[in-house]
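# A structural walkthrough
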Amino acid sequence: MSITFSDLGLKEPIQKALLDLGYETPTVIQQKAIPQILSSKDDLKAFAQTGTGKTAAFSLPVVEQTDEHSKHTQAIILSPTRELAVQIGKNIEDFSKYIPNLNVLTVYGGANIDQQIKQLRKGVQIVVGTPGRTVDLIRRRALKLSDVNWLVLDEADEMLNMGFKDELDKVLEATPDTKQTLLFSATFPKEVEAIARNYMENPVEITSGEKNQGSDNVTHQFYNITEKTRYEALKRIADVNPNIYAIVFCRTRRETQMIADQLIQDGYSADALHGDLSQAQRDSVMDKFRKKSLQMLVATDVAARGLDVNNLTHVINHKLPDQIENYNHRSGRTGRAGNKGVSIALVNRKEKGKLYPIERILKKKFVQTAIPTGKEICEKQLFHLIDKIEKTEVNTTEIDSFLPSIYEKLNDFSREELIQKFVSLEFNSFLSYYENAPDLNNISSSRDRDRSSGRGGNRTSNENMTRFFINIGRKDRLNPAKLMGLINEQGIDKNVEIGAIDILDTFSFFEIDTNYESQTLEVFDKNRPDFNGRNVNIEITKERKGGGRRRSGGRRRNSSDRSSGGGNRGFGRTRNKSNNNSSGQGSERRRNPRKNRRK
Ligand code: AMP
């Protein structure tokens, strides 16, 4: 007999709500966390990936024990992004829908704070928030945490990655010692361990599987590419999987937008999701993707965080993440809810070294996979087409009246000729696109050749970046977010791209698009900024080290930047008529098959 939610000790109204949601059996993390939190006040450290049901694992026991007749805030749940916070808030509303007086509020930056304050004054028992806004509300004395019984830190590793250490400290300070802290994280780098050590007392540890290990349902593949073949390989992967439903992860907002634009232009059903888009634009893209009217979502790690989609066929690492732990977050988006999934990494020679530490975390090997050839793609697409023809239902009433003249016109052709003609009509553009297409597995880049011949050393992580030294570091309470803020404040062109950031104890390094090298030097020289009482100065580093550095945070342009001008970005996929078909994955062509693509 399998365990049920009533076996876990949840009250009737919650069980009823779970039934409405279609939750039948508790997941592993739920089976472990729910009874533990219900029966003990001990702090809890839970190793749980996205997709394991962790939201319900911490929310259900909190909802169960919350006193809905008291107006005090009894639980504060912190989450790294607004999308994830909204998702958690919505889940809790669903779980508590048969508990009339239980109020949940989700607070996050960008939304009207007065409205949030008003809601809080009315009495909210469970607050879900992003760290920045939560601290803001504490400072304004609108959010009182002196009576909380539970503090939940969800995706603690991500919160720290995003530079929220100070905010976490402030929230932790505002809560009473008597509270129970529930820390959920997919990975436990030393920064998360430090939070656990400093703020939790002998926490009980539970895990939804082996620590940091990826889902068993995910196969990990890598494709050897060069910078010349990276994008083409991505397209071929999409082409050889006609039913693809994937997130394509990129590292920067600019790269995300560029790849999405290219894919859209090339007729694929794709769109971009990143932090430069307005909330309304992000909501619209996520909605289309959830409904499967988009097959490929090109996204940054942070933007994709709040997306709750269970049946992705693929996760594609267009570029591997800077921090290897994030690979786990990415690949965990597929192979969820019992489905199988494939996580793909496109790696050049230099990036290949990043696979080994990931394999160690996953305890799984990446399978080297050849970039599909034109012939393989054509074969796959052809059979996909035949399959579709076979399954197409014919609506005779609609076409009946036209049939006699059609039969007459085609009378002279044999059955074989007709099949050939129909297939060619649909398929010729594919064939001609891939006719004489090179085998990408045999293409090496001039950079690769430079490397193997011993030239081309001493680079930044990206040859278009200049690496700067800056005379402040961790001891000055600098973190990647603050450094990016400092750079953005200097008034360098808003399009500037910030690359890898290395924060060391007393100094740091950052990379900036080489086109802005002299402008960056000039503005810092002119502004002579001050950071926590220190005069800041920067220099271009003489020695440019290759890989092996620790990178923090993401790359970011000025957040006010809307360089691609959201409005005309092709939302709704106007360029691809066929994309308006929202019947889902595997629905009509996701591209206008190569109409104008090949020269
Ligand atoms: P999470 O890890 O909390 O993001 O949950 C992943 C997905 O699994 C969400 O779509 C949840 O709605 C769903 N889910 C969580 N627990 C269960 C359950 N016991 N039964 C069915 N679906 C679940």
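Residues numbered from 1 in each chain as written. Predicted model: local features only at pLDDT ≥ 70, side-chain atom pairs only at ≥ 80, totals over all residues. Heavy atoms only, no water.

Time to look at the overall build of the protein. The number of helices and strands found in the protein is 22 helices and 20 strands. Considering the protein as a whole, with its 599 residues, one finds that 53% of them fall into the buried category. Expressed as a percentage of contacts within the protein between residues at least 6 apart in sequence, the contacts between residues at least 24 apart total 78%. Working note: accessible area of the protein is about 27,800 Å², and carbon and sulfur atoms make up 48% of it. (Helix = DSSP H or I, 4+ residues; strand = E, 2+ residues; numbered from the N terminus. Buried < 20%, exposed > 50% of the residue type's maximum accessible area, 1.4 Å probe, protein only. Contact = heavy atoms within 4.5 Å. Areas by Shrake-Rupley, 256 points an atom, 1.4 Å probe, with all protein chains shown as cover.)

What follows deals with the site of the ligand. Contacts to the ligand come from 15 residues, most closely from Tyr23, Thr25, Gln30, Gly53 and Thr55. At 3.1 Å, a backbone N or O of threonine 52 approaches an oxygen atom of the ligand. Alone, the ligand offers 490 Å² of accessible surface; in the complex the protein occludes 80% of this. Across the shell around the ligand, the residue classes tally to 3 nonpolar, 9 polar and 3 charged. (Near = heavy atom within 4 Å. Polar contact = N/O pair within 3.5 Å; in protein donor to acceptor, adjacent residues only side chain to side chain. Nonpolar A, V, L, I, M, F, W, Y, C, P; charged D, E, K, R; others polar.)

Our focus in this paragraph is the environment of isoleucine 195. Among the secondary structure elements, isoleucine 195 is positioned in helix 9 (residues 190–199). Note: C-alpha distance between isoleucine 195 and aspartate 169 (26 residues apart in sequence) is 8.8 Å. Setting aside its immediate chain neighbours within four residues, isoleucine 195 contacts Leu153, Leu160, Leu168, Leu183 and Met200.

Right, let's talk about the pattern of salt bridges for a bit. The final tally for this structure, using the stated rule, is 29 salt bridges. Between aspartate 94 and lysine 90 there is a salt bridge; the shortest N-O distance is 3.2 Å. Residue aspartate 94 and its partner lysine 90 are both found in helix 4 (residues 82–95); the two are separated by 4 residues, about one turn of the helix. Residue classification places aspartate 94 among the partly exposed residues on the basis of a relative accessible area of 21%. Here aspartate 276 ties to arginine 253 by a salt bridge, and the two come within 2.7 Å at their closest N and O atoms. With a gap of 23 residues between them, aspartate 276 in the loop between strand 10 (270–273) and helix 12 (279–290) and arginine 253 in helix 11 (residues 253–265) connect regions that are remote in the sequence. Look at the salt bridges and you will find they share partners, linking Glu232, Lys235, Arg236 and Asp266 into a network. (Salt bridge = Lys/Arg side-chain N within 4 Å of Asp/Glu carboxyl O.)

Across the sheet, 4 strands lie side by side as 16-17-15-20; this open sheet has antiparallel pairing. Lying at the two open borders of the sheet, with one neighbouring strand each, are strand 16 (498–503) and strand 20 (538–540). Pairs of neighbouring strands in the sheet enclose a mean axial angle of 25 degrees, with direction left out of account. The pairing of strand 15 (residues 465–470) with strand 17 (residues 508–513) spans 6 bridges and is antiparallel. The partner of methionine 465 across the bridge, within strand 17, is aspartate 513. Against the sheet, helix 21 (residues 480–489) makes contact with strand 15, strand 16 and strand 17, and its axis sits at roughly 130 degrees relative to strand 16, the strand it touches most. (Pairing = 2+ DSSP bridges. Axes fitted to C-alpha atoms, helices over the stretch in contact; angles between N-to-C directions.)

Our next topic: the pairing of strand 5 (residues 150–154). Extensive coverage of strand 5 is indicated by the burial of 5 of its 5 residues. Of the two faces of strand 5, both are covered, the one formed by Trp150, Val152 and Asp154 as well as the one formed by Leu151 and Leu153. Note that strand 2 (residues 75–78) and strand 5 share 4 bridges and pair parallel. By the bridge assignment for strand 5, isoleucine 76 is matched with leucine 151. Sheet analysis places strand 5 next to strand 6 (residues 180–185), joined by 5 bridges and oriented parallel. Within strand 6, the position partnered with leucine 151 by the bridge is threonine 181.

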